[in-house]
Amino acid sequence: MSPALPDGEPVPLDGALPAWVRPTAEVGPDPHRGVDPQLGVYVHVPFCTVRCGYCDFNTYTASELGGGASQSEYAATAVREVELAARVLDEAGRGGRPVSTVFVGGGTPTVLPVDDLARVLDAISGAWGLAPGAEITTEANPDSVTPASLGQLAAAGFTRVSFGMQSAVPHVLATLERTHDPDRVPEAVRWAKDAGLSVSLDLIYGTPGESLHDWRRSVEAAVACEVDHVSAYALVVEPGTRMAAQVRRGVLTLPDPDDQATKYELVDDLLTAAGLAWYEVSNWARTPEDACRHNLAYWRGADWWGVGPGAHSHVGAGERAVRWWNVKHPRAYAGRLATGLSPAAGRELLGSPDVRLERVMLGVRIRDGLDLAELSASGRTAVAGLVADGLLEGVAAIRGRAVLTRRGRLLADAVVRALTD
Amino acid sequence: MVHLSPTATTCEPPRAWSEPPLSPIPSAALNARIQPAATPPELLRNFCIIAHIDHGKSTLADRMLQLTGVVDDRAMRAQYLDRMDIERERGITIKSQAVRMPWGVTGPTGEVAAYALNMIDTPGHVDFTYEVSRSLAACEGAVLLVDAAQGIEAQTLANLYLAMENDLQIIPVLNKIDLPAAQPEKYAEEIAGLVGGDPADVLRVSGKTGAGVLELLDRIVELVPAPQGDAAAPARAMIFDSVYDSYRGVVTYVRVVDGHLSPREKIVMMSTRATHELLEIGVISPEPSPTKGLGVGEVGYLITGVKDVRQSKVGDTVTNASKPAASALAEYHDPRPMVFSGLYPLDGSDYPVLRDALDKLKLNDAALVYEPETSVALGFGFRVGFLGLLHLEIVRERLEREFDLALISTAPNVVYEVTMEDRGVITVTNPSEFPGGKIAEVREPVVKATILCPSEFIGSVMELCQTRRGDLQGMDYLSAERVEMRYMLPLAEIVFDFFDQLKSKTRGYASLDYEPVGEQAAALVKVDILLQGEQVDAFSAIVHKDKAYAYGVMMAGKLKDLIPRQQFEVPIQAAIGARVIARETIRAMRKDVLAKCYGGDISRKRKLLEKQKEGKKRMKTIGRVDVPQEAFIAALSSDDSGKDAKAKK
């Protein structure tokens, strides 16, 4: 989660959802018509042992945090938000669904004892129930897990682990200020698999000083782990990070977008050859079942509740939706919940133009693409040109969907602008 | 220029001419002898001040206004005469005006003689040569004012020549003698060498401290000849300035040569034969004050109720309708625009505002001409003709400042006469009108340029003039260290950044003056700039064929840096007709995607997208290429080309 919270309107102290996302009698006899059958929960764990130089996420090391919001009390606070969430969704007529995905991210969730993660998961299960075959993921650092801890996670109900591998090359890891030993990754993957967990690896390309050869080594190392899911992200130097300061001082050079494009093509080639297919701009999976269902819910505009400091949530009904976000600091977050108040800091109500814009913006990123019927008339007139320019798949367009070509994936933002003109 | 509007709140209300606050005239009887419409010509002195920008003319004028009692200290505003903001900020005077001041000269026996002095302010810049010549024609004497730390400059020299040609009595004065850097001996020598006489006769003053100004006023009375004219003849008055005022209509400044003009009588403009009633006639001292008329040798203003300065043209002769004069004082010339530029509003919806603004400025500026034009790149705008570069700059600045417009101006160009092989002649004021097909000859305006500079820079100046197709006509040493160089130059070569280059090559010491002297045939071609095969009209230029390649390379290179990468490759070509002379390529953009887009990124990303879409609306699309407006502005500005030229050196 990005720490820079958007500007929004205030949220009622009890966190009540606006009436307009409440399914009404007019929508028909089925009270849940227009309500996505899926409900996801994101849990943000805002703690790390060390902060990496490129990281702008809402996370704190023990020394940064100071007193007042200790890691040991985090689970109890998060459970309080889950209870509040259950109440708020019920009151808005949007509860009553079992949770189909849970994603615990950070931060480094695995700096918490497994018992704490299990407590939060139990609370979620107790509030809504878990759908059969629910996907329960946690992020983890390769050096913060052991065979035992992974076994405990599986026993607690987790089905999937996503390791922050980032690179297999020591000097690249050093620039990123990642502390793990690259040799630890294949081991951690093996332990996770042995524990019965699905495994995903996260990679970062375009780090200052990373050669094309370095990047190939990293991708090949990930492939050698024989995982079923890989995410690869271009490094973005976010303002306010230590890395941004290093760029400003001339210690590091900004990533070159052309170099990143070449590296994107390389990772796509290597993963495809290894039997993984892209299903979102930055994500590859061995089979459609291996795709991260929680993340797909973001791109498909489903409902999810974000638990934790700075976490974002989204609830929508047809062309009406609301996004809100929690206060950023763990201490403020804990304080709100301790006094029975909603931790939400602000929200924005999305009307139909916003919802439609988001639908194009997000829908076009995934392999299934976007139904051309969702585009405006002027957006549809741009399709032919985008096919001619090699940015959209021609065959898919004829079949009524906007699906990015590989060049189109690299220019996805330009495609979205053209489709939403 | 005088505003008759009540907005000049810092001034006292206009007071009668007979009640000066601190009059230099000791008695009412004496004062009666110099009343407007009743002053014998022998008690009048009409003079102007010739000076370079920054040499302190306005400050000196301020001191004179104080010493003659027409402005008291409290009402004194620095540079009282320069009313417009731009003039005040730049320290230059754009429009001339005339102020009547009483002055008493004490004779050897201690008795005081009263005189009325008319100080006629002249524009200091070459763009306004015609106006300068008319204001000089209204005077019998000229104060040549030179900065004692800088010496005479080329523009001053040009105006001095004009004054001497008009037989004006020259009173040389060194100003700013209070400055530590002043070198009065050295420059007195230089001036005496130019105007004749003894260096000791060059007066030394300080407009700032007031030192020497009393002596200067006495010297004016002593040396400037009294005006002469036939009081019994039909009136003949020369218009030397004409200003539009939103409350009173056009205010016309005249110098009466013969006869008498009276309030309420009918007058005739001799060039147009148009008849007007004199609603008001008066003098400025320093606020306008109505009088019983104006007689021989007097200087003042007329109001007839006309609304457009074109109905009251500088250089025209005014006469009585009942008893018209047989011949005008001088032949009247319409001002001729020499430099053209396209002016476009940054925001296309401001086009009507720009049109109204130009219509308003035109009321006050007889030299301003314009007509609508359309540019593929810049949208709707106007092609505007100017007297010269300063005129262009002033008009542009007034449009931006007084009408709150944001404007793009295209690179200035001159007027070309193109003769086709079938003998048809086309006048080109915009490079995009330059014809294709068989051209027999292209003619361009040429100017005679005078450059004054320290002799150590002769080499660099010659080098610059040669690259601008200049032809050296002659060179004279004004002193051991200062030289005057005379060049014939195509006007087109100096309208774009010549002066900046001259200044930078001479560390700011050179000064320039030029006057049009006709036209010449030249090997000129039009270079077009094409973006993905589409011509971008705003960047077409008419250049000498030897420079076409350099222009093409420079412009293509500039655009390559300024236009953002697109999803496809964009070739930029410079071409003469169908022949491509330079080419650059903007490589296709390869990556334009936010790699991560999860829950918390979505609001941020949607807002970014909305912003990008807003930005796209402000882009101009040439063919399929989106070009930000800033790229056009940057490409049209001279800054980079100046840097390039320096880099090549």
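Residues numbered from 1 in each chain as written. Chains lettered and ligands numbered in written order. Predicted model: local features only at pLDDT ≥ 70, side-chain atom pairs only at ≥ 80, totals over all residues.

Asker: How would you sum up the overall build of chain A? Please name residues and give values.
Answerer: Secondary structure summary: chain A contains 16 helices and 14 strands in total. For chain A, with 421 residues in total, the buried portion stands at 49%. The contacts of chain A with a sequence gap of at least 6 include a subset with a gap of at least 24, amounting to 73%. (Helix = DSSP H or I, 4+ residues; strand = E, 2+ residues; numbered from the N terminus. Buried ≥ 20, exposed ≤ 12 C-beta atoms within 10 Å, placed from the backbone. Contact = placed C-beta atoms within 7 Å.)

Asker: I'd love a proper account of the overall build of chain B, names of residues and values included.
Answerer: Tallying secondary structure elements over chain B gives 16 helices and 31 strands in all. The contacts of chain B with a sequence gap of at least 6 include a subset with a gap of at least 24, amounting to 72%.

Asker: So what about the interface of chain A and chain B? Which residues, and what values?
Answerer: Taken together, the 37 residues of chain A in the interface contact 24 residues of chain B. Breaking the side of chain A that touches chain B down by element, the ones donating at least two residues are strand S6 (229–234), helix H9 (257–273), helix H10 (293–299), strand S9 (303–307), strand S10 (312–317), helix H12 (352–363), helix H15 (406–410) and helix H16 (412–419) of chain A. Taken together, the residues of the side of chain A that touches chain B break down into 19 nonpolar, eight polar and 10 charged. (Nonpolar A, V, L, I, M, F, W, Y, C, P; charged D, E, K, R; others polar.)

Asker: Any details on helix H11 (residues 330–338) of chain A? Residues and values, ideally.
Answerer: Residues and elements named next belong to chain A. Within the span of H11, buried status applies to Pro330, Tyr333, Ala334, Arg336 and Leu337. The buried residues of H11 occupy one face: seen down the axis, they fall within an arc of 160°. Positive phi appears at Gly340, one or two residues downstream of H11, with a value of about 80°. (Arc of directions from axis to C-beta.)

Asker: Can you break down the environment of A:Val88 residue by residue, with the values?
Answerer: Residues and elements named next belong to chain A. Within the secondary structure, Val88 is located in helix H2 (residues 71–91). According to the C-beta neighbour criterion, Val88 is buried, with 22 such atoms within 10 Å. Separated by 72 residues in the primary sequence, Val88 and Ala16 place their C-alpha atoms 5.6 Å from one another. Once you skip the residues sitting within four places of it in the chain, Val88 turns out to touch Gly15, Ala16 and Leu17.

Asker: So, unusual backbone geometry: which residues are in play, and what are the values?
Answerer: Following A:Gly106, the chain continues to A:Gly107 via a peptide bond in cis, the omega torsion being 15°. Examined against the element boundaries, A:Gly107 turns out to sit in the loop between strand S2 (99–106) and helix H3 (114–128). Phi at A:Glu226 takes a positive value of approximately 55°, unusual for a residue other than glycine. In this fold, A:Glu226 is placed in the loop between helix H7 (212–224) and S6. For B:Lys176, which is not a glycine, the phi torsion comes out positive at approximately 60°. Mapping B:Lys176 onto the fold places it in the loop between strand S5 (169–175) and helix H6 (184–195). Taking the number of C-beta atoms within 10 Å as the measure of exposure, B:Lys176 has 25 and is therefore buried.

Asker: So, the packing of H12(A) against helix H14 (residues 602–617) of chain B: which residues are in play, and what are the values?
Answerer: The interhelical angle for the contact between H12(A) and H14(B), taken along N-to-C directions, is 100°, at an axis separation of 11 Å. Viewed along their axes, H12(A) and H14(B) adopt a mutual orientation that is roughly perpendicular. Of the residues in H14(B), those touching H12(A) at A:Asp354, A:Leu357, A:Glu358 and A:Met361 are B:Ile602, B:Lys605, B:Arg606 and B:Leu609. Its residues placed into classes, the contact of H12(A) with H14(B) shows four nonpolar, no polar and four charged. (Axes fitted to C-alpha atoms, helices over the stretch in contact; angles between N-to-C directions. Parallel < 35°, antiparallel > 145°, perpendicular 65-115°, else oblique.)

Asker: Give a detailed account of the sheet that holds strand S12 (residues 288–290) of chain B, specifying residues and quantitative values.
Answerer: Residues and elements named next belong to chain B. Strands sit in the order S10-S9-S14-S7-S8-S13-S11-S12 across an open sheet of eight strands; the sheet is antiparallel. Two strands lie at the open edges of the sheet, namely strand S10 (274–277) and S12, each paired on one side alone. On average, each strand axis in the sheet is inclined to that of its neighbour by 40°, with strand direction left out of account. For strand S7 (residues 236–245) and strand S14 (residues 317–320), the ladder comprises two bridges, and the chain directions are antiparallel. Residue pairing in the sheet places Ala237 in a bridge with Val318 of S14. (Pairing = 2+ DSSP bridges.)

Asker: Please provide a residue-by-residue account of the environment of A:Ala244, values included.
Answerer: Residues and elements named next belong to chain A. For Ala244, the position within the fold is in helix H8 (residues 242–248). The spatial distance from the C-alpha of Ala244 to the C-alpha of Gly53 is 8.5 Å, given a sequence separation of 191 residues. Setting aside its immediate chain neighbours within four residues, Ala244 contacts Val237, Glu238 and Pro239.

Asker: Let's hear about the pairing of strand S3 (residues 112–120) of chain B: which residues, and what values?
Answerer: Sheet faces and side chains relate simply in a regular strand, where the side chains alternate between the two faces. Residues and elements named next belong to chain B. Burial of S3 is extensive: seven of the nine residues sit out of reach of the surface. Both strand S1 (residues 44–51) and S3 contribute to a ladder of five bridges, which runs parallel. If you follow Asn46 over to S3, its bridge partner there is Asn118. In this sheet, S3 lies alongside strand S2 (residues 98–106) in antiparallel orientation, the contact comprising nine bridges. Residue Gly104 lies in a different strand from S3, and its bridge partner there is Ala114. Between S2 and S3, which follow one another and run antiparallel, lie five residues, and Gly110 among them has a positive phi close to 95°.

Asker: Requested: an account of the pairing of strand S20 (residues 425–428) of chain B, with residues and values cited.
Answerer: Residues and elements named next belong to chain B. In terms of strand pairing, strand S19 (residues 416–420) meets S20 through four bridges, oriented antiparallel. Residue Val418 lies in a different strand from S20, and its bridge partner there is Ile426. Hairpin connection of S19 to S20: four residues between the antiparallel strands, including Arg423 at a positive phi of 75°.

Asker: For helix H7 (residues 213–223) of chain B, give the residues involved together with the corresponding values.
Answerer: All of the buried residues along H7(B) are B:Val213, B:Leu216, B:Leu217 and B:Ile220. Relative to the axis of H7(B), the buried residues are bounded by an arc of 100° and lie together on one face.

Asker: Any details on the environment of B:Ile602? Residues and values, ideally.
Answerer: Mapped onto the elements of the fold, B:Ile602 is located in helix H14. For B:Ile602, a count of 21 C-beta atoms within 10 Å corresponds to the buried category. Leaving out residues up to four positions away in the same chain, B:Ile602 has contacts with A:Glu358 and B:Cys597.

Asker: How would you explain the nonpolar core if you had to name every residue and give the values?
Answerer: Considering soluble globular proteins, one finds that nonpolar side chains tend to be buried as a cluster. With 171 residues, the main nonpolar core has B:Ile50, B:Ala142, B:Leu144 and B:Ile451 as its most contacted residues. Examining the composition of this core, we find that seven residues originate from one element, strand S21 (residues 439–454) of chain B, more than from any other. Contacts of B:Ile50, omitting those with residues within four sequence positions, involve B:Thr122, B:Ala142, B:Val143, B:Leu144, B:Leu145, B:Thr156, B:Asn159, B:Leu160 and B:Ala163. Among the nonpolar cores identified, the runner-up in size contains 131 residues, and A:Val227, A:Val267, A:Trp324 and A:Leu375 belong to it. (Core = buried A, V, L, I, M, F, W, Y, C linked by C-beta atoms within 7 Å.)

Asker: Describe the sheet that holds S3(B), listing the residues and the values that go with them.
Answerer: All names here are of chain B. On the basis of which strands lie adjacent, the open sheet formed by six strands has the order S2-S3-S1-S4-S5-S6 and mixed pairing. The open sheet has two edge strands, S2 and strand S6 (203–204), and neither has a second partner. Relative to S6, S5 runs parallel, the two sharing two bridges. Its bridge partner being in S6, Leu174 is matched across the sheet by Arg204. Each of S1, S2, S3, strand S4 (141–147) and S5 is contacted by helix H2 (residues 57–67), which is oriented at about 150° to S1, the strand it contacts most. The sheet contacts of H6 involve S4, S5 and S6, and relative to S5 the element is tilted by about 165°.

Asker: Lay out the packing of H2(A) against H11(A) with the relevant residues and their values.
Answerer: Axis angle and axis distance: for two packed helices, these are the angle between their axes and the distance between the axes, and together they describe the pair. All names here are of chain A. Running from N to C, H2 and H11 point in directions that differ by 55°, and their axes come no closer than 10 Å. Between H2 and H11, the angle is such that the two are oblique. Relative to H11, the crossing made by H2 is left-handed. Residues Glu73, Thr77, Arg80 and Glu81 of H2 form the contact with H11, whose participating residues are Tyr333, Ala334 and Leu337. For the contact of H2 with H11, the class distribution of residues is three nonpolar, one polar and three charged. (Left-handed = near helix turned anticlockwise from the far one by under 90°.)

Asker: Any details on the confidence of the model for chain B? Residues and values, ideally.
Answerer: All names here are of chain B. Scored by pLDDT, chain B has a mean of 85; 90% of the residues are at 70 or more. Every residue in residues 86–96 scores below 50 in pLDDT, and together they form 37 contacts with partners more than four places removed in sequence or on other chains. Scored below 50 in pLDDT, residues 639–649 makes eight contacts in the model with residues more than four places away or belonging to other chains. With a pTM of 0.68, the predicted complex shows an ipTM of 0.88. (pLDDT = per-residue confidence, 0-100.)

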